[in-house]
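One-letter residues, chain by chain:
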Amino acid sequence: MYHFGLIGNPIKHSKSPELHQHFLKDFGVNGAYELYELTHAELDAFTEQVKQDGLMGFNVTAPYKASIIPYLDRLDFYAQEMNAVNTVKLMDGQLVGYNTDGIGYIEALRQAKSEFFNQTKKKILIIGAGGAAKGIALALNDIENFTIDITNRTEEKAIELTKKLKTSQVYDLTEAEEHLGKYDLIIQTTTVGMQPNIDTQIIRLDRVKPQAIVSDIVYQPKWTKFLEQADELGIEVLFGIDMLIHQAAKSFEIWTGHRPNERLLEWLKE
Ligand code: ATR
């Protein structure tokens, strides 16, 4: 019996149980994925309980991605660099923290557009400098022919993030709009456009080149204003739900050693 869960608060509307049920079913194994809506004070008892009665692992979402860390025994490279954990695995009695956001984004992009990973140089603009931006930026930064620039409302946070990256430029949001034409991939990582503020769009996309890809990590709604404008301009888009599915698949793989099959992942996007 595989037994996993999700901690966070609030988590009632999470899509994770549905995704993991599909993965379990596809492997033909018995399992459960449960929601644990915890208060901060309950983290200590929860992690102790996991060690004792053998949850194989759990996902972590807002607001505990950083505050769970003191209760863990070890962190992988990305979790350490990001100071944020979204996946925990119980290994030989120890709780190990991982962060699958960046790798989830890369897998989503690879599945949607494998040509993007050919040898030619690619210029990428990340909008935002929060936790999600950092995970994606660090993972993309490891790919040799990619260079990443950052734009963010608060400049200091953008500058801080670029210190961890190869050569990168920082723009404010207005400057970024003007420079959009030089990017092959533009990734929106802020909460702008997310429910309930669905009528907001962080920057206009008029100057994006036609061969570029425009991506938003917001998945509720699937079609943000940002992606709608890209689509109207005839530009290829990558949805937030794609990243969500792939980061969940990566968690499942960390826990079970099974990689959910690509056809299932494709089907789940619909
Ligand atoms: P997450 O972990 O989900 O990335 P976060 O760390 O709180 O969340 O980061 C939120 C991001 O959205 C930040 O880049 C934030 O910009 P600031 O660094 O200036 O705060 C951005 N953001 C949130 N609301 C915004 C708004 N109304 N306009 C522009 N950027 C916004």
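See the structure printed just above.
Note that this is a predicted model, so its numbers are computed, not measured.

Some thoughts on a negative patch on the surface
Link 1 in the chain: Where like charges cluster on the molecular surface, the negative patch consists of Glu 155, Glu 156, Asp 172, Glu 175 and Glu 178.
Link 2 in the chain: For the negative patch, the secondary structure elements donating two or more residues are helix 6 (155-162) and helix 7 (173-179).
Link 3 in the chain: The topology assignment puts Glu 178 in helix 7.

Quick word on unusual backbone geometry
Link 1 in the chain: The residue after Asn 9, namely Pro 10, is reached through a cis peptide bond having omega 0°.
Link 2 in the chain: With respect to the helices and strands, the residue Pro 10 is situated in the loop between strand 1 (2-8) and helix 1 (16-27).
Link 3 in the chain: A cis geometry characterises the amide bond from Gln 220 onward to Pro 221, with omega recorded as 10°.
Link 4 in the chain: Along the polypeptide, Pro 221 turns up in the loop between strand 11 (213-216) and helix 8 (225-232).
Link 5 in the chain: Phi angles above zero are rare outside glycine, and Asn 83 is one such case at about 55°.
Link 6 in the chain: Tracing the sequence through the fold places Asn 83 in the loop between helix 3 (77-82) and strand 5 (87-91).
Link 7 in the chain: Judged by its relative accessible area of 48%, Asn 83 is partly exposed.
Link 8 in the chain: Positive phi, close to 45°, is recorded for Asp 92, a residue that is not glycine.
Link 9 in the chain: Take Asp 92: it is sitting in the loop between strand 5 and strand 6 (94-98).
Link 10 in the chain: Residue Asp 92 is classed as exposed on the basis of its relative accessible area, which comes to 81%.

Parameters and conventions
- Residues numbered from 1 in each chain as written.
- Predicted model: local features only at pLDDT ≥ 70, side-chain atom pairs only at ≥ 80, totals over all residues.
- Heavy atoms only, no water.
- Patch = residues over 30% accessible without salt bridge, like charges linked within 9 Å, V, L, I, M, F, W, Y side chains within 5 Å.
- Areas by Shrake-Rupley, 256 points an atom, 1.4 Å probe, with all protein chains shown as cover.
- Salt bridge = Lys/Arg side-chain N within 4 Å of Asp/Glu carboxyl O.
- Lys, Arg positive; Asp, Glu negative; His and termini not counted.
- Charge placed at Lys NZ, Arg CZ, Asp CG, Glu CD.
- Helix = DSSP H or I, 4+ residues; strand = E, 2+ residues; numbered from the N terminus.
- Buried < 20%, exposed > 50% of the residue type's maximum accessible area, 1.4 Å probe, protein only.

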